[in-house]
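# Structural features, examined
Here is what each chain is made of, one letter per residue.
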Amino acid sequence: QVQLVESGGGLVQPGGSLRLSCAASGSIVSIVAMGWHRQAPGKQRELVATTHNSDTYYADSVKGRFTISRDNAKNAMYLQMDSLKPDDTAIYYCNAQIQSTKFPPRVNDYWGQGTQVTVSS
């Protein structure tokens, strides 16, 4: 019933910027936490950033360059990516911990389909 859809990926030059969006829809009572993961060619998926309440986490590789944010009214999450590097090239996935029913409370993890980010000159 719950779906996550990413958007905003594309091709940019090194040093450029992109803003990724993740929109959640369906049976949503509340979104407990959200995060971004990425998987580069030939590499395993890695955690990029998460947000839970007012707390945020960033992988060392993106700290200072990426900013995660949420718009609770829109059930949306964003990842502002600045000073992009070729190593940032990957498919970026949205992940959310969502309460889908109020009574009884049910919380599950959901994933989007991914959006491609390519950093190349």
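In short, a report on the structure. (Residues numbered from 1 in each chain as written. Predicted model: local features only at pLDDT ≥ 70, side-chain atom pairs only at ≥ 80, totals over all residues. Heavy atoms only, no water.)

A one-sided burial pattern is seen for strand β3 (residues 18–25), the buried positions being Leu18, Leu20, Cys22 and Ala24 and the unburied ones Arg19, Ser21, Ala23 and Ser25. Bridge analysis of strand β1 (residues 3–7) against β3 gives 5 bridges, and the strand direction is antiparallel. Considered in β3, the bridge of serine 7 is made with serine 21. In terms of strand pairing, β3 meets strand β8 (residues 76–81) through 6 bridges, oriented antiparallel. Looking at the pairing, leucine 20 lines up with leucine 79 of β8. (Buried < 20%, exposed > 50% of the residue type's maximum accessible area, 1.4 Å probe, protein only. Helix = DSSP H or I, 4+ residues; strand = E, 2+ residues; numbered from the N terminus. Pairing = 2+ DSSP bridges.)

Another aspect to go through is the pattern of salt bridges. Applying the stated criterion across every chain yields a total of 4 salt bridges. Notably, a salt bridge pairs arginine 38 with glutamate 46, separated by 2.7 Å at the nearest N-O pair. Residue classification places arginine 38 among the buried residues on the basis of a relative accessible area of 5%. Two residues, aspartate 88 and arginine 38, come together in a salt bridge whose shortest N-O distance is 3.0 Å. Of the two residues, aspartate 88 sits in the loop between β8 and β9 (90–101) while arginine 38 sits in strand β4 (residues 30–39), which places them 50 residues apart along the sequence. (Salt bridge = Lys/Arg side-chain N within 4 Å of Asp/Glu carboxyl O.)

Turning our eyes to something else, we now look at the side chain of glutamate 6. Inspection of the secondary structure assignment puts glutamate 6 in strand β1. Of the side chains bearing the opposite charge, arginine 45 lies closest to the buried glutamate 6, which forms no salt bridge; the N-O distance is 8.9 Å. A distance of 2.9 Å separates a polar side-chain atom of glutamate 6 from the backbone nitrogen of glutamine 113. Among the polar contacts made by the side chain of glutamate 6, one reaches the main-chain amide nitrogen of glycine 114 at a distance of 2.8 Å. Sequence-distant contacts of glutamate 6, that is, excluding residues within four places in its chain, are made with Ser21, Cys22, Trp36, Tyr92, Tyr93, Cys94, Gly112, Gln113, Gly114 and Thr115. (Lys, Arg positive; Asp, Glu negative; His and termini not counted. Polar contact = N/O pair within 3.5 Å; in protein donor to acceptor, adjacent residues only side chain to side chain. Contact = heavy atoms within 4.5 Å.)

This part is about the packing of aromatic side chains. One pass over the structure, following the stated rule, counts 0 aromatic pairs. Directly above the ring of tyrosine 78 sits arginine 19, whose terminal nitrogen or CZ lies 4.3 Å from the centroid. Directly above the ring of tryptophan 111 sits arginine 45, whose terminal nitrogen or CZ lies 4.2 Å from the centroid. (Phe/Tyr/Trp six-rings, centres within 6.5 Å; stacked < 30°, edge-to-face > 60°. Lys NZ or Arg CZ within 6 Å of the ring centre and 35° of its normal.)

Applying the stated criterion across every chain yields a total of 1 disulfide. For cysteine 22, the disulfide goes to cysteine 94, at an S-S distance of 1.9 Å. Taking the torsion about the sulfur-sulfur bond, which here is approximately -75°, the covalent link between cysteine 22 and cysteine 94 counts as left-handed. A residue pair is termed long-range when its members are at least 10 positions apart, and cysteine 22 in strand β3 and cysteine 94 in strand β9 qualify at 72 residues. Taken individually, cysteine 22 and cysteine 94 each receive the classification buried, so the pair is uniform in this respect. (Disulfide = S-S within 2.5 Å.)

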